[in-house]
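Observations on chain architecture
If you want the building blocks of each chain, they are given just below.
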There are 2 protein chains.
Amino acid sequence: MTNTTLKLLAQQLQLSISTVSRALKDHPDISAATKAKVNALAQSLDYEPNAYAIQLRTQSSKILGVIVPAISNLFYDSFIAAVEEESRNNGYAVMILQSSHNPENELSNLKIFRQNRVSGVFACLSSSAENLEVYQKMNEREIPVVFFDIVPKDNRFTKVRMADERCAIMAAENIIKRNAKKVLAIFGDEGLSITQKRKTAFQKFMQDFAPKTHCSYAHAANTNDAADIMKKFADKKQKVDTVFCMTDEILIGVMKTIQELQIKVPSEIGVIGISNGFIPNLYYPHISYVETSGHELGKLAFVQMMANMKGGKTLTELTVDAKFVEGGSM
Amino acid sequence: MTNTTLKLLAQQLQLSISTVSRALKDHPDISAATKAKVNALAQSLDYEPNAYAIQLRTQSSKILGVIVPAISNLFYDSFIAAVEEESRNNGYAVMILQSSHNPENELSNLKIFRQNRVSGVFACLSSSAENLEVYQKMNEREIPVVFFDIVPKDNRFTKVRMADERCAIMAAENIIKRNAKKVLAIFGDEGLSITQKRKTAFQKFMQDFAPKTHCSYAHAANTNDAADIMKKFADKKQKVDTVFCMTDEILIGVMKTIQELQIKVPSEIGVIGISNGFIPNLYYPHISYVETSGHELGKLAFVQMMANMKGGKTLTELTVDAKFVEGGSM
DNA sequence: AATTTTGTCGCAAACGTTTGATATTTTATA
DNA sequence: TATAAAATATCAAACGTTTGCGACAAAATT
């Protein structure tokens, strides 16, 4: 079955293509009678405007691109969900590509976006090795880029992210409030700026406000690493009374060890994390956490995108605030 | 900055547009010398073919659509991830839309796909009220549809899904092996065919092979429901010794109650689920589960899509097999 | 009655490609 | 040396829209 086009409608109605086009868009030049006829036929023939032709003609697509390290991730999936929702409500469709933490994929994904002439891209850097010229090139082509979560240091770009320092400090506050004496703080990939920000803020805060609290620092690349680290610090000699987990992956690893060794929470050990809340609520008692909402971030990113597309360049760095959610683990 | 087009390249090289086009595609008609020149200029001017023009001209897009109830979901996110990966490796980009379990959204999403002339769509039904004419219309327009997970009964369509009956039976087998006497089996939304299939198979198997085992059946719409149900069955009078959870959501709820009441797993209660494995491994001991891999299903769906796009209609219903993964909860 | 305004509609070019047919030059064959 | 064959490059139409401009009638204004 051949697709119905403006031309086809025009032929059947003995009208010109332009008249049909205008009728369908409710253009004032066209009489009500004609509009009615056109709409009726379009309806019965299932006319669907060809987005390609429109985009080619108008040089503007209604598609936004999202690059994410992985779709299957508790934080990014909710970010994507939020962006998709906002987009759809504003007449945009979303194209999602994953970089799998691989800069090469990131590049080829960007290429796909360029070829599909997306009208904007949300990007999360896949590695600490920032390859920014590509993004700069996007901007030169008037394709706004909004970075999220893992953002470049460079301030030629628009960025939205969690209030990383605030998150870390909030966690530290609650650790101090618990009157912890020996703290284990496990952070993520050392290469990422997000890690550095959180760690620096945490460290400084602890030194300033609880100089007598002994803090150990560790980095875990994944869940198993975190479980191992926790194991090491759970033995008699260096037993810690509070553990801070920078990510969900780390929290999961830590909890694995805690459950395995049957350490009591919160009496024997206090646990606090940074999370969107899903994982912390899986345990009993619920783990206390500083909330970072992928959903919120997605919504913020979207308004930034719209702002960038409408007005001139708004080279801001916005953060979404964090809040502490009391579980029963502290 | 204006985009570089074939026309621009042609002008600068004093060649015709068609020559440039053919040179870039390594067409045998064009001499090596010309090809070299063209490629060099294209490179230095960052030429990117305009996907819209190509799609308009060739009437075929390199975009696939995915409709999913929710992106932020432990099963669907891995399905999406797999489809995206396969697609990218085959030169396709993926457009993802969520229906939020709402048939209306499902319809408008399909519209977006039609207007963007996607060359195929993966669809997961958003409700038991199957609105199939729309999908039939897609097929008539030669846009293949591959249903996944929640599929229509109608056999005019291509479907891939988990081997639902097998999953349930495998779980039942392991329950019998444990020598369970009082079983609580919690299933999901009663309206979905996937629930019916699993429940029927489970029930029949238990009756046939362990007629003396007492089974209670319940349905939970979400995590909290499951937690409540579990609470009811954990009291003295009707204490169960084994619980079967049809979904991750249910498992989470059940485990919440189990942790809260400090019931020992597996000595006091055996727990078994159907899952992709992420959630079961969060607990200690790991929960035994029948594995249903969204990733596997995604890969299967993709090959079905390719088959449908190449050859004629292959109206098959394929299932991906399940396997039992021993945790320590049985 | 002559002129202007208003209401409808059509013409044609453009967006950036692809591709069958055709033209031109070079090389090989008779 | 003439002629066929091969190599190379060009022409022009088409894909389905949008949109500035012009055309023509009927209605309104002088």
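For the structure, see preceding data.
This section reports on the structure supplied with the text. Keep in mind that this is a model prediction, so the values were computed, not measured.

Take the protein's contact with DNA strand C next. Taken together, 29 residues surround DNA strand C, and among them Thr 19 and Thr 34 of chain A together with Leu 6, Arg 22 and Arg 57 of chain B come closest. Those atoms of DNA strand C that come within 4 Å of the protein belong to sugar or phosphate at a rate of 58%. The separation between a phosphate oxygen of DNA strand C and a polar side-chain atom of Tyr 47 of chain B is 2.8 Å. The backbone of Asn 50 of chain B places a nitrogen or oxygen atom 3.4 Å from a phosphate oxygen of DNA strand C. Elements with a contribution of two residues or more to the surface near DNA strand C: helix H2 (17–24) and helix H4 (51–58) of chain A together with helix H1 (6–13), helix H2 (17–24) and helix H4 (51–58) of chain B. Grouping the constituent residues of the surface near DNA strand C by class yields 9 nonpolar, 12 polar and 8 charged.

Moving on: unusual backbone geometry. Here Val 265 of chain A and Pro 266 of chain A are connected by a cis peptide whose omega angle stands at 0°. When you line up the elements, Pro 266 of chain A lands in the loop between helix H11 (248–260) and strand S9 (270–275). The step from Tyr 284 of chain B to Pro 285 of chain B runs through a cis peptide bond, and the omega angle for that step is 0°. Despite not being glycine, Asn 179 of chain A shows a phi value in the positive range, around 65°. Examined against the element boundaries, Asn 179 of chain A turns out to sit in the loop between helix H8 (164–177) and strand S6 (182–187).

Inside soluble globular proteins, nonpolar side chains tend to come together where they are buried. Residues Phe 122, Tyr 135 and Phe 148 of chain A together with Phe 122 and Phe 148 of chain B are the most contacted members of the largest nonpolar core, which totals 101 residues. Within the second largest apolar cluster, 97 residues are counted, among which are Phe 202 of chain A together with Phe 233, Val 271 and Ile 272 of chain B.

Turning to the sheet that holds strand S12 (residues 323–325) of chain A, a few remarks are in order. All names here are of chain A. One open sheet accounts for 6 strands, arranged S7-S6-S8-S9-S10-S12; its pairing is mixed. Strands at the two margins of the open sheet, each flanked by one partner only, are strand S7 (214–219) and S12. Adjacent strand axes in the sheet meet at a mean angle of 20° when their direction is disregarded. Pairing analysis gives 4 bridges linking S9 to strand S10 (residues 288–291), with the strands arranged parallel. The residue of S10 that forms the bridge with Ile 272 is Ser 288. Contacting S6, strand S8 (242–245) and S9, H11 runs over the sheet at an angle of about 155° to S9.

Procedures and definitions
- Residues numbered from 1 in each chain as written.
- Chains lettered and ligands numbered in written order.
- Predicted model: local features only at pLDDT ≥ 70, side-chain atom pairs only at ≥ 80, totals over all residues.
- Heavy atoms only, no water.
- Near = heavy atom within 4 Å.
- Polar contact = N/O pair within 3.5 Å; in protein donor to acceptor, adjacent residues only side chain to side chain.
- Helix = DSSP H or I, 4+ residues; strand = E, 2+ residues; numbered from the N terminus.
- Nonpolar A, V, L, I, M, F, W, Y, C, P; charged D, E, K, R; others polar.
- Core = buried A, V, L, I, M, F, W, Y, C linked by side-chain atoms within 4.5 Å.
- Buried < 20%, exposed > 50% of the residue type's maximum accessible area, 1.4 Å probe, protein only.
- Pairing = 2+ DSSP bridges.
- Axes fitted to C-alpha atoms, helices over the stretch in contact; angles between N-to-C directions.
- Contact = heavy atoms within 4.5 Å.

Everything listed here is a matter of coordinates, which is why it stays silent on function.
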